[in-house]
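Overview (structure and organization)
Listed below, chain by chain, are the residues.
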Amino acid sequence: MADPDDNHHLHDVRAAIKRLPTAANIGDCQKREDEAKFELTKRVTKPGLTDKDYHDILTRFAQENLDQRSLWLHAKPSKTGSGKRPKAQRIMMSCAECMRHTVELGLLTIRYKTMRALVDHILQALPDPSGSGYIDPLVPGYIKCLRLVLQHPPHVEHLPVKESSATMKFCLEAFTALAPETQPPGATKRYATPAMTPDPSGEAPARREGASSQRNASSSHAAVDDLLGTYSPHAERATD
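Residues numbered from 1 in each chain as written. Predicted model: local features only at pLDDT ≥ 70, side-chain atom pairs only at ≥ 80, totals over all residues. Heavy atoms only, no water.

1. Quick word on the environment of Ser70
Relative to the elements of secondary structure, Ser70 occurs in helix H3 (residues 51-74). The class of Ser70 is partly exposed, set by a relative accessible area of 36%. Placed 15 residues apart in sequence, Ser70 and Arg85 show a C-alpha to C-alpha distance of 9.8 Å. (Helix = DSSP H or I, 4+ residues; strand = E, 2+ residues; numbered from the N terminus. Buried < 20%, exposed > 50% of the residue type's maximum accessible area, 1.4 Å probe, protein only.)

This is how it looks when you write it as C-alpha cells:
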C-alpha cells in the first residue's frame, strides 16, 4: 500500500499503532491491540474518518506486518515461546486483527483505490515466499478482511475482471491449502457455511496430535469458513 499523507487528527490512532511492536508478551500485545481498536472506534464517530484516513491507517498496519513478516521468516523457531519469531507472530496477529476491525468500521466509506490496495497487499503478503503455504499469523485476520471486502457488492463490482479472477483463484487455492482434513469434535456451522466431514476414526484431533494441532486446525477451519463466504458473490462477478 502507498505511503500515507499526514493527517493530524489521526495522531492517537497512529500512536496506538506505533505502540503495538513494543509489546513485551501476549498479554501486553492484547492490551495494545485493544487500545488500537478503541482509538479507531472512537475516531469513527467523532469527527469521523474519510477514505483517505482509512487508507492511511491500513497502510500503517500493512507496513508493520511486512516488517514483522520479514523478522518472522528469518528468525529461528523458538521452543520456549520467547525470542524474535514468537514476538513477530504476536504482533502480526494483532495488526491483522486491527486491519480486520478497520475494514469492518470503514466498509461503507472505503473506496476503490483503498480496497484495491488492501486486496493487493493481502495477495502479496499472505503467501509464504518459499511457496510452501501461507504466513500463519496473518491468515485469520487477512482472510476475514478479504471476506468483508468481497462480500460487499460495490467493491466486487468495481474490480476489473482480470483482478477479480486472480482474487477468486487465490481464494480457491487458499481454501484447498487451508482446509483441514478433519472437523474438530462438536463443530457446528460458522457463518452459515457447511460443517466439514467428521473424522471417520471418531478420534478427536487433540488426542492424536496435541493441543497445538487442535488450535491450528480450529484456526484453519475458521479461515476456510471465511473463504467459503467470499466465494459465491465473487464467483458471480468473475464470470460476468
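2. Re helix H8 (residues 161-178)
Here H8 contains 18 residues, and its C-alpha end-to-end distance of 25 Å stays within 8% of the 26 Å for a straight helix at 1.5 Å per residue. For H8, the set of buried residues is Ser164, Thr167, Met168, Phe170, Cys171, Ala174 and Leu178. What you see down the axis of H8 is that its buried residues fit within an arc of 155°, all on one side. Turned more than 90 degrees from where H8 packs its buried face, Lys162, Lys169, Thr176 and Ala177 sit exposed. (Expected span 1.5 Å × (residues − 1). Arc of directions from axis to C-beta.)

3. Here's the deal with the environment of Met115
Along the chain, Met115 turns up in helix H5 (residues 112-125). Expressed as a C-alpha distance, the spacing of Met115 and His158, which sit 43 residues apart in the sequence, is 9.7 Å. Ignoring any residue separated from it by four or fewer positions in sequence, one finds Met115 in contact with Ile110, Val149, His155 and Leu159. (Contact = heavy atoms within 4.5 Å.)

4. Here's the deal with the side chain of Asp28
Among the secondary structure elements, Asp28 is positioned in helix H2 (residues 26-45). A distance of 3.1 Å separates the side chain of Asp28 from the backbone nitrogen of Ala24, its partner in a polar contact. The residues touching Asp28, leaving out its near neighbours within four places in the chain, are Thr22 and Ala23. (Polar contact = N/O pair within 3.5 Å; in protein donor to acceptor, adjacent residues only side chain to side chain.)

5. Examining the packing of aromatic side chains
Overall, the coordinates contain 1 aromatic pair when judged by the stated rule. Ring centres of Tyr134 and Phe170 lie 6.1 Å apart, and the angle between their planes is 90°; on these two criteria the pair is classed as edge-to-face. On the criterion of sequence distance, the pair formed by Tyr134 in the loop between H5 and helix H6 (139-150) and Phe170 in helix H8 is long-range, its members being 36 residues apart. (Phe/Tyr/Trp six-rings, centres within 6.5 Å; stacked < 30°, edge-to-face > 60°.)

6. Considerations on the nonpolar core
Of all hydrophobic cores here, the largest spans 47 residues; its most connected members are Ile57, Phe61, Met99, Ile122, Leu126, Tyr142 and Leu146. No other element matches helix H4 (residues 84-106), which puts 8 residues into this core. Dropping the residues within four chain positions of it, Ile122 is found in contact with Pro127, Tyr142, Cys145, Leu146 and Phe170. (Core = buried A, V, L, I, M, F, W, Y, C linked by side-chain atoms within 4.5 Å.)

7. Notes on H5
Because an α-helix packs 3.6 residues into every turn, residues spaced three or four apart end up facing the same way. Look at H5: 20 Å from first C-alpha to last across 14 residues, which is about the 20 Å you get at 1.5 Å a residue. Among all positions of H5, only Thr114, Met115, Ala117, Leu118, Val119, His121, Ile122, Leu123 and Ala125 are buried. Packed against the buried residues of H5 are H3, H4, H6, helix H7 (153-158) and H8.

8. Details of the side chain of Arg14
Mapping Arg14 onto the fold places it in helix H1 (residues 11-19). Arg14 gets classed as buried once you look at its relative accessible area, which sits at 12%. Engagement of the side chain of Arg14 in a polar contact is seen with the side chain of Asp56, the distance being 2.8 Å.

9. Observations concerning the packing of H6 against H8
Between H6 and H8, whose axes approach to 13 Å, the crossing angle comes to 140°. Here H8 runs oblique to H6, going by the angle between their axes. For the element pair H6 and H8, the recorded crossing hand is left-handed. Along its contact with H6, which presents Val139, Leu146 and Leu150, the element H8 presents Thr167, Phe170, Cys171 and Leu178. Counted by class, the contact of H6 with H8 contains 6 nonpolar, 1 polar and no charged residues. (Axes fitted to C-alpha atoms, helices over the stretch in contact; angles between N-to-C directions. Parallel < 35°, antiparallel > 145°, perpendicular 65-115°, else oblique. Left-handed = near helix turned anticlockwise from the far one by under 90°. Nonpolar A, V, L, I, M, F, W, Y, C, P; charged D, E, K, R; others polar.)

10. Here's the deal with the confidence of the model for the protein chain
Scored by pLDDT, the protein chain has a mean of 76; 69% of the residues are at 70 or more. Least confident of the elements in the protein chain is helix H9 (residues 205-209), whose mean pLDDT is 34; most confident is H3, at 95. Counting interchain partners and residues more than four positions distant, the pLDDT-below-50 stretch residues 181-218 has 39 contacts. Residue range residues 231-240 is modelled with pLDDT below 50. Its contacts to residues more than four positions away, or to other chains, number 22 contacts. (pLDDT = per-residue confidence, 0-100.)

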